[in-house]
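Report on the structure
Okay, here's what each chain looks like letter by letter:
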Amino acid sequence: QQGFAQHLAYAIQINEKLKIRAKITSIISEFLLLILKAFTMENTTVEWVQINNTDCLKFTFNDVLTHKEALIASEEWKKAFQNNTAKKFMVIFDAKAMKDYEPMARSIWQKTISELKKQIDSIWVITDSKIIAAGAKIMGVFTSFSIKTVDSEEKITLRKEMQAA
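Attention in this report is confined to the structure presented alongside it.

Here is what the cut-offs are and how they apply
Numbering of residues starts from 1 in every chain and runs along the sequence as written. Per-residue local features of the predicted model are confined to residues with pLDDT of at least 70, and side-chain atom pairs are confined, for both listing and counting, to 80 or more; whole-chain, interface and lining totals are unaffected and use all residues. As a rule here, side-chain values cover all heavy atoms of the structure and leave hydrogens and water aside. Aromatic contacts are taken between Phe, Tyr and Trp rings whose centres are within 6.5 Å, Trp giving its six-membered ring; a plane angle under 30 degrees counts as stacked, one over 60 as edge-to-face, and the others as tilted. In this analysis the charged atom, NZ for Lys or CZ for Arg, is taken to sit over a ring once it is within 6 Å of the ring centre and within 35 degrees of the ring normal. As a rule, the C-alpha atoms of each element are fitted with a line to give its axis, helices using only the stretch in contact, and angles between N-to-C directions run from 0 to 180 degrees. Put simply, DSSP marks the helices as runs of H or I at least four residues long and the strands as runs of E at least two long, and each gets a number from the N terminus on. Angle categories: roughly parallel below 35 degrees, roughly antiparallel above 145, roughly perpendicular from 65 to 115, and oblique for all the rest. Each helix crossing is assigned a hand: it is left-handed if the near helix lies turned anticlockwise from the far helix by less than a right angle, otherwise right-handed if that turn is clockwise. The contact definition used throughout considers only heavy atoms, calling two residues in contact when any of these lie within 4.5 Å. Residues are grouped as follows: nonpolar covers Ala, Val, Leu, Ile, Met, Phe, Trp, Tyr, Cys and Pro; charged covers Asp, Glu, Lys and Arg; every other residue, Gly included, is treated as polar. By convention in these notes, a salt bridge is any Lys or Arg side-chain nitrogen within 4 Å of a carboxyl oxygen on Asp or Glu. Categorising residues by exposure relies on relative accessible area from a 1.4 Å probe, with only protein chains included: less than 20% of the type maximum marks a residue as buried, more than 50% marks it as exposed, and the intermediate range marks it as partly exposed. In this description, strands pair whenever DSSP reports at least two bridges between them. Every helix has an expected span of 1.5 Å times one less than the residues it contains. In these notes, a set of buried Ala, Val, Leu, Ile, Met, Phe, Trp, Tyr and Cys residues joined through side-chain atoms within 4.5 Å is what counts as a nonpolar core.

Two numbers describe a pair of aromatic rings. These are the distance of the centres and the angle of the planes. Counted under the stated rule, the structure contains 13 aromatic pairs. Taken together, the ring pairs connect Trp48, Phe59, Phe61, Trp77, Phe81, Phe89, Phe93 and Trp109 into an aromatic cluster. Here the guanidinium or amino end of Lys148 rests over the ring plane of Trp124, the centre of that ring lying 5.5 Å away.

With that settled, consider the packing of helix α2 (residues 67-82) against helix α3 (residues 103-116). Running from amino to carboxyl end, α2 crosses α3 at an angle of 15 degrees, the nearest separation of the two axes being 8 Å. Considered as vectors, α2 and α3 are oriented roughly parallel to each other. Of the two possible hands of crossing, α2 and α3 adopt the one that is right-handed. Listed contacts from α3 to His67, Ala70, Leu71, Ala73, Ser74, Trp77, Lys78 and Phe81 of α2 are Met104, Ala105, Ile108, Trp109, Thr112, Ile113, Glu115 and Leu116. Class assignment of the residues belonging to the contact of α2 with α3 gives a composition of 11 nonpolar, three polar and two charged.

Taken as a whole and assessed by the stated rule, the structure comprises 10 salt bridges. A salt bridge links Lys111 to Glu115; its shortest N-O distance comes to 3.4 Å. Within this pair, Lys111 and its partner Glu115 are both found in helix α3, separated by four residues, close to a single helical turn. According to the relative accessible area criterion, Glu115 is partly exposed, its value standing at 41%. Linking Asp151 and Lys155 is a salt bridge whose minimum nitrogen-to-oxygen distance equals 3.0 Å. Overall, Lys155 belongs to the partly exposed group, its relative accessible area being 38%. What emerges from the salt-bridge pattern is a single network uniting Glu75, Lys78, Lys111 and Glu115.

The next point concerns the sheet that holds strand β5 (residues 147-150). Here we have five strands laid out as an open sheet, ordered β1-β2-β3-β4-β5, and mixed in their pairing. If you trace the sheet from one side to the other, it starts and ends with β1 (44-51) and β5, each paired once. Neighbour-to-neighbour, the strand axes of the sheet open up by a mean angle of 25 degrees, direction not taken into account. Here strand β3 (residues 89-101) runs beside strand β4 (residues 120-126); their pairing, made up of six bridges, is parallel. Residue pairing for β4: Phe93 is matched across the bridge by Val125.

We now examine α2. If you check α2, its first and last C-alpha atoms are 22 Å apart, about what 16 residues at 1.5 Å a residue would give, namely 22 Å. Among all positions in α2, only Glu69, Ala70, Ile72, Ala73, Ser74, Trp77, Ala80 and Phe81 are buried.

As a further point, take the side chain of Ser74. Turning to its location among the elements, Ser74 is positioned in helix α2. With residues up to four places along the chain from it excluded, the contact list for Ser74 reads Ile108, Trp109 and Thr112.

In this structure, Phe59, Trp77, Phe81, Phe93, Trp109 and Ile120 are the most contacted members of the largest nonpolar core, which totals 28 residues. Among residues more than four places away in sequence, those in contact with Ile120 are Trp77, Phe81, Lys88, Phe89, Val91, Ile113 and Phe145. Residues Met90, Ile92, Trp124 and Ile126 belong to the second largest nonpolar core, which totals nine residues.

Structure (structure tokens):
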């Protein structure tokens, strides 16, 4: 019985150490998020919008989407979805004013799409740029997600209505 008691005491110590380690990891993650938020996103905005009574998370990109801004926006995306894990949302990338993006920014979006795939109903990219539309297609291939491109937000509404019919 003494051997069992020693093993049990040891298991309890390990469990307590793991709890402490998890708490420290959580604190570090929160700290890193605060550091990321200290950097403002100059070229990207994230907001909830409604299209035909559907909640949509809309990213509006201006100028160049940098790796740094993609990291911050990705964290905002995860945070926005965090409280609604059972619900699916439409995601809109408004890239009409985007001039370019860094390759690492696209990689971050691909990873985020893969992580949040179960919560994404559809992804729409608004752009006139063939390069950005091609980047959306590449993201679709790597994430196995159908990403649709349109040249205006109004066409998202029309396509969504056509899908419901």
